[in-house]
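Listed below, chain by chain, are the residues.
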Protein chains: 2
Amino acid sequence: IMESSISPDLLQQIAFIKEIDKLKYIERRTKLFNSNRRENDAEHSWHLAVMALILSNHADQPIDILKVLKMLLIHDLVEIDAGDTFIFDAAKNHTNTAEESLAADRIFGMLPDEQAEELKAIWEEFEARQTYEAKFARSMDRLEPLLQNASNQGGTWQEYNVQHQKVLEIQNVHACCSTTIDHYVQSVIEQSVQSGILKK
Amino acid sequence: IMESSISPDLLQQIAFIKEIDKLKYIERRTKLFNSNRRENDAEHSWHLAVMALILSNHADQPIDILKVLKMLLIHDLVEIDAGDTFIFDAAKNHTNTAEESLAADRIFGMLPDEQAEELKAIWEEFEARQTYEAKFARSMDRLEPLLQNASNQGGTWQEYNVQHQKVLEIQNVHACCSTTIDHYVQSVIEQSVQSGILKK
Ligand SMILES: [Ca+2]
């Protein structure tokens, strides 16, 4: 088989597939459930995708679940270049930085043009948080660490001395999307205060 | 907030979300790209889902990509109970064992009935390999370790003394789905023999 007979598009896609393996080395601050082991971005992305699949029946509006899955599967790829942005890090808790935009150009740019544009647009839609799908995806992205922290005696709340009010702010992303999930999140926060793993 | 006011369906789903965290501890034999670190099933499931998304434009037939993503995201959950089934292990290289069926009952059974049935049906469809979506998902599941082994001087082919003929058999799952991908896989196998990382 002549290498020249291989689809050039496929060769670009294979290079991309190899490149994104690096997501497995990007560590988050949050730890696995009932665990002391930090989660990596690939595991995190997988978990959010399954959560979205499972929880989409609680969405308050009709939802394009395929779009949500695409968002969640690729949302952290920019961190291969830009590193994990930790939400309780005051210096770098914003999203869609110039660094992340460059990362998106480089990483999605490895794909054939049309696909590169499609995935970059999906990532930008996620970051802009304007569409219902982007908001629902964001809700999943905040729900997982909440559950992890609650399972780990406060996890990063304790580790970084995060107070109740700050957690309320960060978790103010569910009401947009699902009253059921929002209601549950409020109860987890309340219980965390009551059990003393989250300071008021 | 009274705990009794939380949706019982949601509480079941949250228990499932916590349970499947265990997938992150199930180690595969195959290693990450250019690496000595074994991949876990959560990372693997994420990678296959992105691969399917990216490579679905090479599908020879119309494809329900949402179905494929669902399959790939959940295909290994049974391994939480049944353990990883290694393809080069002669004693346990079959799929859909009684053990895996019990695992599917238990794990998907944590979800609300309707969802449990839907996900178990998707898993069974994947395992039966009759539909085009199941075949395409299987193709992704075989492509990733091929690429990993080729990047790791033969990886598990070397480690378990696997010969060219056996790899051809195992990789005989792409022609069904994509002539482009199949052609590429043949070329990777040929090159692996030529470079001496796969014995003929
Ligand atoms: Ca992130």
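See the structure shown above.
A brief report on the enclosed structure follows. (Residues numbered from 1 in each chain as written. Chains lettered and ligands numbered in written order. Predicted model: local features only at pLDDT ≥ 70, side-chain atom pairs only at ≥ 80, totals over all residues. Heavy atoms only, no water.)

Residue and element names in this part refer to chain A. The interhelical angle for the contact between helix H5 (residues 98-108) and helix H6 (residues 113-128), taken along N-to-C directions, is 155 degrees, at an axis separation of 9 Å. Looking at the two axes, H5 sits roughly antiparallel to H6. Relative to H6, the crossing made by H5 is right-handed. Contacts between H5 and H6 involve Glu100, Ser101, Ala104, Asp105 and Phe108 on the former and, on the latter, Ala116, Leu119, Lys120, Trp123 and Glu127. (Axes fitted to C-alpha atoms, helices over the stretch in contact; angles between N-to-C directions. Helix = DSSP H or I, 4+ residues; strand = E, 2+ residues; numbered from the N terminus. Parallel < 35°, antiparallel > 145°, perpendicular 65-115°, else oblique. Left-handed = near helix turned anticlockwise from the far one by under 90°. Contact = heavy atoms within 4.5 Å.)

Turning next to the relation of the copies chain A and chain B. Superposition record for chain A on chain B: RMSD 0.0 Å, screw rotation 180 degrees, translation along axis 0.0 Å. Such values leave the two copies arranged in the relation of a two-fold axis. (Least-squares fit on C-alpha atoms with pLDDT ≥ 70 in both.)

Close contact between helix H3 (residues 65-74) of chain A and helix H3 (residues 65-74) of chain B brings their axes to 10 Å; oriented N to C, the two are set at 50 degrees. Accordingly, the angle class assigned to the pair H3 of chain A and H3 of chain B is oblique. Between H3 of chain A and H3 of chain B lies a crossing of left-handed hand. On H3 of chain B, the residues touching Ile65, Leu66, Leu69 and Leu73 of chain A of H3 of chain A are Ile65, Leu66, Leu69 and Leu73 of chain B.

Coordination of the calcium ion by the protein involves Asp76 of chain A (OD) and Glu79 of chain A (OE), with metal-donor separations of 2.7 to 2.8 Å. Given the relative accessible area of 5%, Glu79 of chain A is considered buried. (Donors = N, O, S within 2.8 Å, 3.2 Å for Na, K, Ca; no water. Buried < 20%, exposed > 50% of the residue type's maximum accessible area, 1.4 Å probe, protein only.)

Glancing now at the environment of Asn36 of chain B. All names here are of chain B. Looking at the element boundaries, Asn36 is found in the loop between strand E1 (27-31) and strand E2 (38-40). Looking at Asn36, the relative accessible area reads 67%, which means it is exposed. Sequence separation between Asn36 and Asn152 is 116 residues, and the spatial gap between their C-alpha atoms is 8.1 Å. There is a polar contact of 3.5 Å between the side chain of Asn36 and the side chain of Lys31. (Polar contact = N/O pair within 3.5 Å; in protein donor to acceptor, adjacent residues only side chain to side chain.)

This next bit is on the side chain of Arg142 of chain B. Residues and elements named next belong to chain B. Tracing the chain through its elements places Arg142 in helix H7 (residues 132-151). Within the buried set, Arg142 has no salt-bridge partner at all; the shortest N-O distance to an opposite charge, 5.6 Å, is to Asp141. Polar contacts involving the side chain of Arg142 include one to the main-chain carbonyl oxygen of Ile170, which spans 2.9 Å. (Lys, Arg positive; Asp, Glu negative; His and termini not counted. Salt bridge = Lys/Arg side-chain N within 4 Å of Asp/Glu carboxyl O.)

Our focus in this paragraph is the pattern of salt bridges. Enumeration over the complete set of coordinates arrives at 28 salt bridges over all chains. Here Asp21 of chain A ties to Lys24 of chain A by a salt bridge, and the two come within 2.7 Å at their closest N and O atoms. The two residues Asp21 of chain A and Lys24 of chain A agree in class, both being buried. As a salt-bridge pair, Glu43 of chain A and Arg37 of chain A come within 2.9 Å of each other at their nearest N and O atoms. Judged by relative accessible area, which is 0%, Glu43 of chain A ranks as buried. Residues participating in the shared-partner salt-bridge network are Asp21 and Lys24 of chain A together with Arg28, Glu39 and Glu144 of chain B.

In this section: unusual backbone geometry. Backbone geometry places Asn161 of chain A, a non-glycine residue, at a positive phi of 55 degrees. The backbone of Gln153 of chain B sits at a positive phi, close to 50 degrees, despite the residue not being glycine. Following the sequence through the fold, Gln153 of chain B ends up in the loop between H7 and helix H8 (155-159).

Between chain A and chain B, the residue contacts involve 57 residues of the former and 57 residues of the latter. Of the roughly 5000 Å² buried where chain A meets chain B, counting both sides, 73% is carbon and sulfur surface. Our enumeration of links across chain A and chain B arrives at 4 salt bridges. One salt bridge connects Glu39 of chain A with Lys24 of chain B, and the closest N-O pair in it is separated by 2.7 Å. Viewed at the interface, chain B and chain A are joined by 26 residue pairs in polar contact (both at pLDDT 80 or more). (Buried area = accessible area lost by both parts, 1.4 Å probe.)

Residues and elements named next belong to chain A. Compared with an ideal rise of 1.5 Å per residue, which puts 15 residues at 21 Å, helix H2 (residues 41-55) spans 20 Å between its outermost C-alpha atoms and is within 8% of the ideal. Extensive coverage of H2 is indicated by the burial of 15 of its 15 residues. The backbone nitrogen of Ala42 lies 3.0 Å from a side-chain oxygen of the residue at the head of H2, namely Asn40. (Expected span 1.5 Å × (residues − 1).)

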